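What follows is each chain in one-letter form.
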Amino acid sequence: MWSFALVTTLALSGVAAETVNLRSDNTQYSFAIDYKNNQFLLDGKPFRYVSGSFHYFRAPRYYWRDRLRAMRAAGLNAVSTYVEWSLHEPERDEFNWSGDADIVEFLNIAQQEDLLVLLRPGPYICAERDMGGLPYWLLRDTPDMKLRTKDQYFMANATSYLTQLLDKVKPFLRGNGGPIIMVQVENEYGSFNACDTEYMSMLKNLFLNKIQNKALLYTTDGASESMLRCGSTPGVYATVDFGAGGNVTKSFAPMRAKQPKGPLVNSEYYPGWLTHWGESFQRVKTDVVTKTLKDMLDIGASVNIYMFYGGTNFALTSGANGGSNEFKPQITSYDYDAPLTEAGDPTEKYFALRNVIGQYLPLPGVPVPIVSPKGNYGPVLLEPISELLDNYLFVVSQSAADFPKTFEALSVNQGFVLYETRLPVSISDEYTLNATVKDRALVYVNKQLYGILSRTDKKFTLPLKKSYGDHLRILVENQGRVNFGYEIRDYKGVSNVNIAGVTLKMWNMTGYSFPDVSILRDKGTISMKNGALKSSPVFLRGHFTVTGQPLDTFLDTGGWGKGMAFVNGYNLGRYWPSVGPQITLYVPAPYLRTGNNELILLESEYVSLTRKMKFQSAPNLG
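Under an unreviewed UniProt entry, the name given to the protein chain is Beta-galactosidase, and the organism recorded is Dinoponera quadriceps. In its Sequence similarities (unreviewed entry) section, the UniProt entry covering the protein chain states "Belongs to the glycosyl hydrolase 35 family." Database annotation for the protein chain, UniProt heading Catalytic activity (unreviewed entry): "Hydrolysis of terminal non-reducing beta-D-galactose residues in beta-D-galactosides."

Right under this line is the structure:
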């Protein structure tokens, strides 16, 4: 015998239609919008979520459950995560769904920890990641491709990726009994000036084909009518994002103007903010965050706190803001001044937000997290073992051409490219080298460093002398592709290299990448002086001992120049203490082992006079 309850629920359009559900002997799983009462319906019952963002790719898989459980203990009933295309398809048609890229396992754990899921698969995600999560090979394989538009090549590649992803997550959709209640179409498209309505419609249809009525489709945009106009698409629920300190009713006004009925949603409520190299670490006061959260919850809104746990941009995955007029690369840490620190520890902000959430949602019987013990493993003496430019261990590409090629054309994603040529005999005794670099370049003449070119500092000229020699080397570093705005087509390399307007030609190019530094373990030491590096970036190696169970720790890079660090083969990311604000790199315990451990650096500019780094128990983010 059927018992019916008539509700407004999502139809194939992704929004609302009338249907019957709630079978008396077996409640149907669903997630719906009740427009009449401006609320969501979870399995037919009134519902609102207070969610937190946690991107699985910013923490070792080992810690996923710990972070999710800490979020649930704070009273959150959902977790929001981006899905990073470049992580899952690092090269065309080469997919990765295992280890720290195992999105299926992340969804499993979320469900086990009693958290619903808001899935944000892009294809573009921003997230302060290199190229906003888009894979670099899009720029290589079809240079004239128009990203984030209906361009046939972009859509063909995005469709291939999204089809694989959506097939994998299908069992986790709410309509199939899983935790995924909402799936986002694109990401803040209103902030991208293409405003391609056909593209958004094509993406919507792709999602609908896979998701059907098993979850709710939604968009997220800044809280302005212009952003909602370009970022939303008919048949998909439009939400907004905004931070603390403003008038909540005013901030929600554009959403309400776009959709007179339905639940209010802030899909990115910022309790902190991102930080770039060379600026102070960004913080948001706790009392301001809690007040605005309370204001939103008082009017019945659903909220996703971005970020609740930020984590780390391990390896070279952080992006940059800016473009042609400015360039601001982001630091390795994505601590974000979030309620949970980069190491997953609760903060004052965590408990303050938990107190607010507990006034509106029942707090679960999950113990609140405590600050975990940290390792203090002391100083490590680092010995030089190899100059980067004198070995071929990390060469991934070599080419010759009249003009310099981009990283992308050379199939170099992240890392360095060395551009070499001979200077013309006709140059004057004193001359100026002009070059457009993306992003930072060490300039050598006859293997001696004579200066640095920098996109950030807008330094594109360097005075030189003929007496220095004629063998020109320009070692260019990719500091992260632009992740926001229209300039995400951020090709890396050097161009327009000239002296007094005469273009330099006949270039040899060598690309370097560092997926595995284990090949350095048997290298002997070399002789070198501490201080400024004059001829090449240098690899250095040291060892340290962990007694007992490994603990999280922090690598203090103070006194060094600029480089990247590897512990037991894991790339911790970039360090740049001479610019800051980040001084320490987070080292998760799963990267360590009881007994002997190995630290390897690739230092580009300056070796500390002590030639030591230390592992300490507290972070220093400036």
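There is more to say after this.
Engineer: When you look at the overall build of the protein chain in this model, what are you seeing that I'm missing?
Structural biologist: Secondary structure assignment for the protein chain yields ten helices and 36 strands. Projected onto its principal axes, the C-alpha coordinates of the protein chain cover approximately 90 × 55 × 40 Å. Burial statistics for the protein chain: of 622 residues in total, 59% are counted as buried. Taking as baseline every contact in the protein chain between residues at least 6 positions apart, the subset at least 24 positions apart corresponds to 77%. One way to put it: in the protein chain the 62 positive side-chain charges average out to a point 1 Å from where the 60 negative ones average out.

Engineer: Would you mind showing me how to read empty space enclosed by the protein here?
Structural biologist: Here the idea is plain: a probe the size of a water molecule rolls over the atoms and shows the empty space left. This model, assessed by the stated rule, comprises four cavities of 30 Å³ or more. One number sums up the size of the largest cavity: a volume of about 50 Å³. For the largest cavity, the full set of lining residues is F416, E477, K562, G563, M564, R574, L602 and S604. Its residues assigned to classes, the lining of the largest cavity comprises three nonpolar, two polar and three charged.

Engineer: Is there a simple way to think about unusual backbone geometry in this case?
Structural biologist: In terms of backbone geometry, most residues other than glycine have negative phi values and most peptide bonds are trans. A cis geometry characterises the amide bond from G122 onward to P123, with omega recorded as 25°. Counting through the fold element by element, P123 comes out in the loop between β8 (116–120) and α4 (137–141). Of note, A127 is a non-glycine position whose phi angle comes to about 60°, a positive value. Topologically, A127 is positioned in the loop between β8 and α4. Under the relative-accessibility criterion, A127 is labelled buried at 2%.

Engineer: Teacher, can you tell me more about the UniProt feature "domain: Glycoside hydrolase 35 catalytic" (unreviewed entry) in the protein chain here?
Structural biologist: Sites flagged by UniProt as "domain: Glycoside hydrolase 35 catalytic" (unreviewed entry) map to residues 39–359. Span residues 39–359 is 32% helix and 17% strand, its end C-alpha atoms 19 Å apart.

Engineer: Help me out: how do you make sense of the sheet that holds strand β16 (residues 378–381) in this one?
Structural biologist: The strand order across the open sheet formed by four strands is β16-β36-β30-β33, and the pairing between neighbours is antiparallel. If you trace the sheet from one side to the other, it starts and ends with β16 and β33 (584–587), each paired once. Averaged over all pairs of adjacent strands, the angle between their axes in this sheet comes to 25°, without regard to strand direction. In terms of strand pairing, strand β30 (residues 553–556) meets β33 through four bridges, oriented antiparallel.

Engineer: I tried to follow the pairing of strand β22 (residues 448–454) on my own but got confused; where do I start?
Structural biologist: The two faces of the sheet receive side chains in turn, since in a regular strand these alternate between them. Two strands pair when backbone bridges link them, and strand β21 (residues 440–445) and β22 are joined in this way by six bridges, in the antiparallel orientation. Of the residues in β22, the one forming a bridge with A441 is L453.

Engineer: What exactly am I supposed to notice about the environment of G243 here?
Structural biologist: The residue G243 is located in the loop between β11 (237–241) and α8 (248–258) in this model. C-alpha of G243 to C-alpha of Y270: the two residues are 27 residues apart in sequence and 4.7 Å apart in space. Those residues in contact with G243, other than ones at most four positions away along the chain, are Y269, Y270 and T292.

Engineer: When you look at the pattern of salt bridges in this model, what are you seeing that I'm missing?
Structural biologist: Note on pairing: side chains with opposite charge can pair once their charged atoms come close. Taken as a whole and judged by the stated rule, the model has 34 salt bridges. With a shortest N-O distance of 2.6 Å, D43 and R174 are connected by a salt bridge. Within this pair, whereas D43 is found in the loop between β4 (39–42) and β5 (45–47), its partner R174 is found in the loop between α5 (152–169) and β9 (180–184), the two being separated by 131 residues in sequence. For R174, a relative accessible area of 11% puts it in the buried group. Among the salt bridges present, the one from K150 reaches E198, with a minimum N-O distance of 3.9 Å. With K150 in the loop between α4 and α5 and E198 in helix α6 (residues 197–211), this residue pair connects regions lying 48 residues apart in the sequence. Assessed through its relative accessible area of 47%, E198 is described here as partly exposed.

Engineer: Mind showing me how you'd approach the environment of R611 here?
Structural biologist: Here R611 lies in the loop between β35 (606–607) and β36 (612–616). The exposure class of R611 is buried, given its relative accessible area of 15%. Contacts of R611, omitting those with residues within four sequence positions, involve V380, L381, L382, E383, P384, M528, N530, L540 and W560. Among the polar contacts listed, one links the side chain of R611 to the side chain of N530, at a separation of 2.7 Å.

Engineer: Can you help me understand the domain arrangement of the protein chain in this one?
Structural biologist: Reports of interface size often rely on the accessible area that becomes lost once the parts have come together. In terms of domains, the protein chain is made up of domain 1 (41–359), domain 2 (378–383 + 516–616) and domain 3 (395–512). A separation of 33 Å is found between the C-alpha centroids of domain 1 and domain 2. Taken residue by residue, the interface counts 22 residues in domain 1 and 19 residues in domain 2. Summing both partners gives a buried area of about 1,700 Å² for domain 1 against domain 2, and 64% of it is carried by carbon and sulfur.

Engineer: How do you make sense of the environment of A156 when you look at a structure like this?
Structural biologist: Mapped onto the elements of the fold, A156 is located in helix α5. On the accessibility criterion, A156 (48% relative accessible area) is partly exposed. As a C-alpha pair, A156 and E89 span 67 residues in sequence and 14 Å in three-dimensional space.

Engineer: Please clarify how α6 should be interpreted in this entry.
Structural biologist: Quick reminder: α-helices carry 3.6 residues per turn. Residues three or four places apart thus point the same way. End to end, α6 covers 21 Å across 15 residues, agreeing with the expected 21 Å (1.5 Å per residue, within 8%). All of the buried residues along α6 are Y199, M200, L203, K204, L206, F207, L208 and I211. Contacts made by the buried residues of α6 are with α5, β9, β10 (216–222) and α7 (225–231). The distance from a side-chain oxygen at the start of α6 to the backbone nitrogen of E198 is 3.1 Å, and the residue carrying that oxygen is D196. Downstream of α6 by a residue or two, Q212 has a phi angle that is positive, lying close to 55°.

Engineer: Even after reading the chapter, I still don't get the layout of surface pockets, so can you show me in this structure?
Structural biologist: Empty space within the largest pocket amounts to approximately 1,100 Å³. Those elements that place two or more of their residues in the lining of the largest pocket are α2 (85–88) and β32 (570–575). Partitioning the lining of the largest pocket into residue classes produces 20 nonpolar, nine polar and seven charged. Approximately 380 Å³ is the volume attributed to the second largest pocket. Along the wall of the second largest pocket there are 23 residues; nearest its centre are Y63, D66, R67, S372 and D552. Grouping the amino acids of the lining of the second largest pocket by side-chain chemistry returns 15 nonpolar, three polar and five charged.

Criteria and thresholds
- Residues numbered from 1 in each chain as written.
- Predicted model: local features only at pLDDT ≥ 70, side-chain atom pairs only at ≥ 80, totals over all residues.
- Heavy atoms only, no water.
- UniProt positions renumbered as here; feature names shortened; annotations may be inferred.
- Helix = DSSP H or I, 4+ residues; strand = E, 2+ residues; numbered from the N terminus.
- Buried < 20%, exposed > 50% of the residue type's maximum accessible area, 1.4 Å probe, protein only.
- Contact = heavy atoms within 4.5 Å.
- Lys, Arg positive; Asp, Glu negative; His and termini not counted.
- Charge placed at Lys NZ, Arg CZ, Asp CG, Glu CD.
- 1 Å grid on protein atoms, 1.4 Å probe; cavity = no way out; pocket = protein on both sides within 12 Å on 5 of 7 lines; lining within 4 Å.
- Points joined across faces, edges and corners; volume = space filled by probe spheres on them.
- Nonpolar A, V, L, I, M, F, W, Y, C, P; charged D, E, K, R; others polar.
- Pairing = 2+ DSSP bridges.
- Axes fitted to C-alpha atoms, helices over the stretch in contact; angles between N-to-C directions.
- Salt bridge = Lys/Arg side-chain N within 4 Å of Asp/Glu carboxyl O.
- Polar contact = N/O pair within 3.5 Å; in protein donor to acceptor, adjacent residues only side chain to side chain.
- Domains from an automatic or database assignment.
- Buried area = accessible area lost by both parts, 1.4 Å probe.
- Expected span 1.5 Å × (residues − 1).

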